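Structure assessment
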Amino acid sequence: MKKLLAVITALCIAASFAACSKGGAENTTTTTSADSSGAELTSKDGGDPDSEATTKDQPLASTWDYAYAIETPKVADTSGDWNLLLVNREHALPENYIDSVELVNVCNTDEQLDKRVASHYEDMFNAAAADGLYLTPCSGYRSYELQKRNFQSRIDMYMGQGMTMTYATIEASKVILPPGTSEHNAGLAMDIISVQDSFENTEHFKWLCENAQDYGFILRYPKDKQDVTKIVYEPWHWRYVGVEAAREMKKSGECLEEYLSHH
Ligand SMILES: [Zn+2]
């Protein structure tokens, strides 16, 4: 069964890889054209030269390179339940957060998640597969450096089109979350795709909407919560929060920000 699963997964990934590069506010991959338009430009060039001297123990907020354009986020509070960690535009991971997280590969693919999340994703994957639907893992964990490189590439691309650095940075942040502010940087979320172009209209999406909460996952950026999440609707982005919280949010219709405001 495991071997069969691996083959099916590989086929699904091969078939859908092209669709994988579609963007979202937090969704970026190494396959975008942005990479070829300046990924090699050093990400440190536009920032504070002092950032070179920072140590890994310092929080992200002290090394924020985009203060000229984007308000410095607070450091995410990592003292609570790990599965309810709030990472968003206003709350960035400490730069060394991932050092204490064990990352593992998911469903025999190259995609990784926090080990504490991976088994739940695989349970969900297997349950959907039993219904004939393959929840192809497209993008799980992304390193801080990769997020930074992609973000900087987008800034460079816009500057190449004539924008000022400030304006280019603001515009880039509408398409790609700045480094440290994406749930992918924490290994807590997976982008799931299908061979069809619009994930929202797939049976996979429908299945997830009906069942994901029973495996601890939520649709993190719902269509009707964009004013709260500050992220465009992303039907493919599923975040692990644990079964109890996921079921509660499913029932109440709250997004994570709202749920955490009273928990
Ligand atoms: Zn995502």
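Presented here is a report on the structure given in the accompanying data block. (Residues numbered from 1 in each chain as written. Predicted model: local features only at pLDDT ≥ 70, side-chain atom pairs only at ≥ 80, totals over all residues. Heavy atoms only, no water.)

The pairing of strands in a sheet happens through backbone hydrogen bonds and is either parallel or antiparallel. With antiparallel pairing, four strands are arranged side by side in an open sheet as β5-β6-β8-β7. Edge positions in the sheet fall to β5 (136-139) and β7 (217-219), since each has one partner strand and no second. The average angle at which neighbouring strand axes cross in this sheet is 45°, direction not considered. Of the strand pairs in this sheet, β5 and strand β6 (residues 189-193) are connected by three bridges, and their pairing is antiparallel. Following the sheet pairing, Thr-136 is matched in β6 by Ile-193. (Pairing = 2+ DSSP bridges. Helix = DSSP H or I, 4+ residues; strand = E, 2+ residues; numbered from the N terminus. Axes fitted to C-alpha atoms, helices over the stretch in contact; angles between N-to-C directions.)

Every regular strand shows the same layout, with side chains that alternate between the two sheet faces. Side-chain alternation along strand β8 (residues 237-240) places His-237 and Arg-239 on one buried face and Trp-238 and Tyr-240 on a second face that is also buried. As judged from the three bridges shared by β6 and β8, these two strands associate in the antiparallel manner. Directly across from Asp-191, in β8, lies its bridge partner His-237. Two elements, β7 and β8, share three bridges in a ladder whose sense is antiparallel. Pairing of Phe-217 across the sheet is with Tyr-240, part of β8. (Buried < 20%, exposed > 50% of the residue type's maximum accessible area, 1.4 Å probe, protein only.)

Bringing the packing of aromatic side chains into the picture now. Taken as a whole, this structure holds nine aromatic pairs when the rule is applied. Summarising the aromatic geometry, the rings of Phe-125 and Tyr-134 are spaced 6.2 Å apart at their centres and angled 55° between planes, so their arrangement reads as tilted. For Tyr-134, a relative accessible area of 22% gives the class partly exposed. An angle of 70° between the planes, with centres 5.3 Å apart, marks the rings of Phe-217 and Tyr-240 as edge-to-face. Taken together, the positions of Phe-217 in strand β7 and Tyr-240 in strand β8 put the pair 23 residues apart, joining distant regions of the chain. Comparing Phe-217 with Tyr-240, the two get one shared label, buried. Aromatic ring contacts, followed pair by pair, group Trp-82, Tyr-121, Phe-217 and Tyr-240 into a single cluster. A cation over an aromatic ring shows up here: Arg-116 above the ring of Trp-82, its NZ or CZ 4.2 Å from the ring centre. (Phe/Tyr/Trp six-rings, centres within 6.5 Å; stacked < 30°, edge-to-face > 60°. Lys NZ or Arg CZ within 6 Å of the ring centre and 35° of its normal.)

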